[in-house]
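Notes for the structure review
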Amino acid sequence: MKDEQIQKLIEQEIKCQQNGLSLIPSENYASKETLLAMGTPLSNKYSEGYPGKRYYGGNEFIDKIEKLAIERAEQLFSAEHANVQPHSGSQANAAAYLALLKPGDKVLGFDLKAGGHLTHGSPVNFSGLTYNFSYYGVDAKTERIDMAEVEKIALEVKPKLIIASTTSYSRQLDFEGFSKIAKKVGAYLMADIAHIAGLVIAGEHPHPFPWCDVVTTTTHKTLRGPRGGLILCKKELAEIVDKAVFPGTQGGPLDNIIAAKAICFLEAQQPAFKDYQHQIALNARAMAEEFLRQGFRLISGGTDNHLMVLDLSDYDTKLIQDKLDEAGIYTNRNAIPNDAKPPFNPSGLRLGSPAITTRGLREAEATLVASLVSEVIKKTEDPEISKKVKEQIKALAEKYPIYEDLN
Ligand code: DSN
């Protein structure tokens, strides 16, 4: 690169990803093919509209690419319709709401304070500012979503839309149960499966179809593709969903990213992807068991998916995250249900297995990683702790390398 400053920083970031381990449950390592597609001149093209109906000329090959991406997405998720243009999960959610709602309409979503996402109605987000959100949370004792409580709130609120979605929740979602409630109150049902998309495809988590009207997801978490969004929906909603993406909320699609999404969908159709998702679940369980053995409390007591949340109410989670950073273990501090502490220094630490599983770590190594995290948490006062743990993390990272040919 001529721009040496940026080149150097890119190299440093690659090294950082190679030498450390990401336990951030929403992160993963996309394949080299996916990365290559993102860095192509497809990025130069303007293609507002949809295949065969563009507002710009010269889209012969872009149309073919987008059609392939759509077909593969529909096949992969057994969906009647796919829109592959959303730039991100938030954009996908914005378009889904625009398709189904008018400003001020009532929506029932999962509370951010219980493990929901900003775009599921947070008062500081466009979702909470535009629509009239009510929330369901988790049961105080079990820390799981209580479907009887969801039904009670839905009957009171009578929302136009119910969202079955989480961003920091370690149990499975009962889409069939949500669908029964939605039918009872005459609401649309939407699922945002950004975190669990890969698990869903592989049968490691219940499928949102045929229960949901609209499903949104990102393509870069358990799905392991490029950073981006995707909307899947029933045929009868296809037209309003497409209109809500373009011209409703976006202009020109990112054609290089759409090509990378198509590659990621093909990768996710391979038998090895199913094995990968199964291993994600096994590794998460192994990590959870180790944390429990080490005496930590996990929100809801464990995990049924790819992530877990440690209750570190008695610790300084910002300090712990920083110490883990120094050790080459990347994590994210997160609120726990009804957290008494502020979002910048909350009581929880959210950890997941998708990225380390991509590197090839299995249960034994996942257990070791959890024990090293535990050691850092327990010994933050030892000034050498991060350095000591870093050596072991580096050895693991070298044994299970990523992007070797980028060196
Ligand atoms: N910010 C993402 C996560 O980390 O879960 C959700 O979009």
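These numbers were taken from a predicted model, which means no experiment stands behind them.

1. Some remarks on the layout of surface pockets
The gaps of empty space that remain are located by a probe, the size of a water molecule, rolled over the atoms. Space inside the largest pocket adds up to approximately 920 Å³. Breaking the lining of the largest pocket down by element, the ones donating at least two residues are α4 (89-100), β9 (214-218) and β14 (332-334). A breakdown of the residues in the lining of the largest pocket according to their chemical character gives 10 nonpolar, 23 polar and 10 charged. If you add up the space inside the second largest pocket, you get close to 760 Å³. What lines the second largest pocket is a set of 24 residues, among which Glu 13, Gln 17, Asn 28, Leu 35 and Tyr 403 lie closest to the centre. For the lining of the second largest pocket, the secondary structure elements donating two or more residues are α1 (4-19) and α2 (32-38). Among the elements that take part in the lining of the second largest pocket, α1 stands out by supplying five residues, more than any other. Class assignment for the residues of the lining of the second largest pocket results in 14 nonpolar, six polar and four charged.

2. Concerning the packing of helix α14 (residues 363-378) against helix α15 (residues 385-399)
Across the interface, α14 lies against α15 with an axial gap of 10 Å and an inter-helix angle of 165 degrees. Judged by the inter-axis angle, α14 sits roughly antiparallel to α15. In this structure, α14 meets α15 at a crossing whose hand is left-handed. Residue-level contacts link Glu 365, Leu 368, Val 369, Leu 372, Glu 375 and Val 376 of α14 to Ile 385, Val 389, Gln 392, Ile 393 and Leu 396 of α15. Looking at the contact of α14 with α15 residue by residue, the class counts come to eight nonpolar, one polar and two charged.

3. Side note on the side chain of Asp 192
Along the chain, the position of Asp 192 falls in strand β8 (residues 188-192). Lys 221 is the oppositely charged side chain nearest to the buried, salt-bridge-free Asp 192, at an N-O distance of 6.5 Å. A polar side-chain atom of Asp 192 sits 3.0 Å from the main-chain amide nitrogen of Ala 194. Setting aside anything within four residues of it in sequence, one finds Asp 192 in contact with Asn 93, His 120, Ala 164, Ser 165, Thr 166, Thr 216 and Thr 217.

4. With respect to the site of the ligand
Every residue close to the ligand is listed here: Ser 26, His 117, Thr 167, His 195, Lys 221 and Arg 350. Between the ligand and Ser 26, the relevant distance is 2.6 Å, taken from an oxygen atom to a side-chain nitrogen or oxygen of the residue. Here His 195 contributes a side-chain N or O atom positioned 2.6 Å from an oxygen atom of the ligand. Within the complex, 65% of the 240 Å² of free accessible area of the ligand lies under protein. With respect to the pocket detection grid, the ligand is positioned in the largest pocket. Residues that form the shell around the ligand fall into these classes: no nonpolar, four polar and two charged.

5. A look at the nonpolar core
One recurring pattern in soluble globular proteins: nonpolar side chains tend to sit buried together. With 50 residues, the main nonpolar core has Phe 77, Ile 145, Ile 162, Phe 178, Ile 193, Leu 223 and Leu 232 as its most contacted residues. Apart from residues no more than four positions distant in its own chain, Ile 193 is found in contact with Phe 77, Phe 175, Val 200, Pro 208, Val 215, Thr 216 and Thr 217. The next biggest cluster of nonpolar side chains, apart from the first, holds 32 residues, and it includes Leu 21, Ala 284, Leu 310 and Ile 393.

6. A look at the packing of helix α3 (residues 60-76) against helix α10 (residues 255-268)
Put simply, α3 and α10 touch, their axes get as near as 9 Å, and they point 35 degrees apart. As α3 packs across α10, the resulting crossing turns out to be left-handed. Here α3 contributes Ile 62, Ile 65, Glu 66, Ala 69, Arg 72, Ala 73 and Leu 76 to the contact with α10, which in turn contributes Asp 255, Ile 258, Ala 259, Ala 262, Ile 263, Phe 265, Leu 266 and Ala 268.

7. Some details on the sheet that holds strand β11 (residues 297-298)
Strand order in this open sheet of four strands is β11-β12-β15-β14, and the pairing throughout is antiparallel. Each edge of the open sheet carries a strand with a single partner, namely β11 and β14. Where β11 lies against strand β12 (residues 307-311), two bridges are found, and the strand directions are antiparallel. Residue pairing across strands places Leu 298 opposite Leu 310, the latter belonging to β12. The sheet strands contacting helix α12 (residues 317-326) are β14 and β15 (348-352), and the helix crosses β14 at an angle near 165 degrees.

8. Brief notes about the pairing of strand β7 (residues 161-165)
Successive residues of a regular strand alternate their side chains across the two faces of the sheet. In terms of burial, β7 is a largely internal element, five of the five residues being buried. Every second residue of β7 is oriented toward a common face, with Leu 161, Ile 163 and Ser 165 on one face and Ile 162 and Ala 164 on the other, all of them buried. One ladder, built from two bridges, connects strand β5 (residues 106-110) with β7; its direction is parallel. Opposite Val 107, over in β7, you have Leu 161 as the bridge partner. The pairing of β7 with β8 spans five bridges and is classified as parallel. Across the sheet, the residue bridging to Ile 163 is Met 190, located in β8. The parallel pair β7 and β8, bridged by helix α7 (residues 175-185), forms a crossover whose chirality is right-handed.

9. Concerning the sheet that holds strand β6 (residues 132-136)
Pairing in this open sheet of seven strands is mixed, and the strands run β4-β10-β9-β8-β7-β5-β6 from one edge to the other. In this open sheet, the two strands that pair with only one neighbour each are β4 (81-83) and β6. Between one strand and the next, the sheet's axes are offset by a mean angle of 20 degrees, whatever the strand orientation. As defined by bridge partners, β8 adjoins β9 across three bridges and the pair is classed as parallel. For Ala 191, the partnering residue across the bridge sits in β9 and is Val 215.

Conventions and cut-offs
Residues numbered from 1 in each chain as written. Predicted model: local features only at pLDDT ≥ 70, side-chain atom pairs only at ≥ 80, totals over all residues. Heavy atoms only, no water. 1 Å grid on protein atoms, 1.4 Å probe; cavity = no way out; pocket = protein on both sides within 12 Å on 5 of 7 lines; lining within 4 Å. Points joined across faces, edges and corners; volume = space filled by probe spheres on them. Helix = DSSP H or I, 4+ residues; strand = E, 2+ residues; numbered from the N terminus. Nonpolar A, V, L, I, M, F, W, Y, C, P; charged D, E, K, R; others polar. Axes fitted to C-alpha atoms, helices over the stretch in contact; angles between N-to-C directions. Parallel < 35°, antiparallel > 145°, perpendicular 65-115°, else oblique. Left-handed = near helix turned anticlockwise from the far one by under 90°. Contact = heavy atoms within 4.5 Å. Buried < 20%, exposed > 50% of the residue type's maximum accessible area, 1.4 Å probe, protein only. Lys, Arg positive; Asp, Glu negative; His and termini not counted. Salt bridge = Lys/Arg side-chain N within 4 Å of Asp/Glu carboxyl O. Polar contact = N/O pair within 3.5 Å; in protein donor to acceptor, adjacent residues only side chain to side chain. Near = heavy atom within 4 Å. Areas by Shrake-Rupley, 256 points an atom, 1.4 Å probe, with all protein chains shown as cover. Sits in = over half its atoms within 2 Å of the grid points. Core = buried A, V, L, I, M, F, W, Y, C linked by side-chain atoms within 4.5 Å. Pairing = 2+ DSSP bridges. Right-handed = clockwise from strand over helix to strand, strands pointing away.

Spatial relationships are all this shows, so hold off on functional conclusions.
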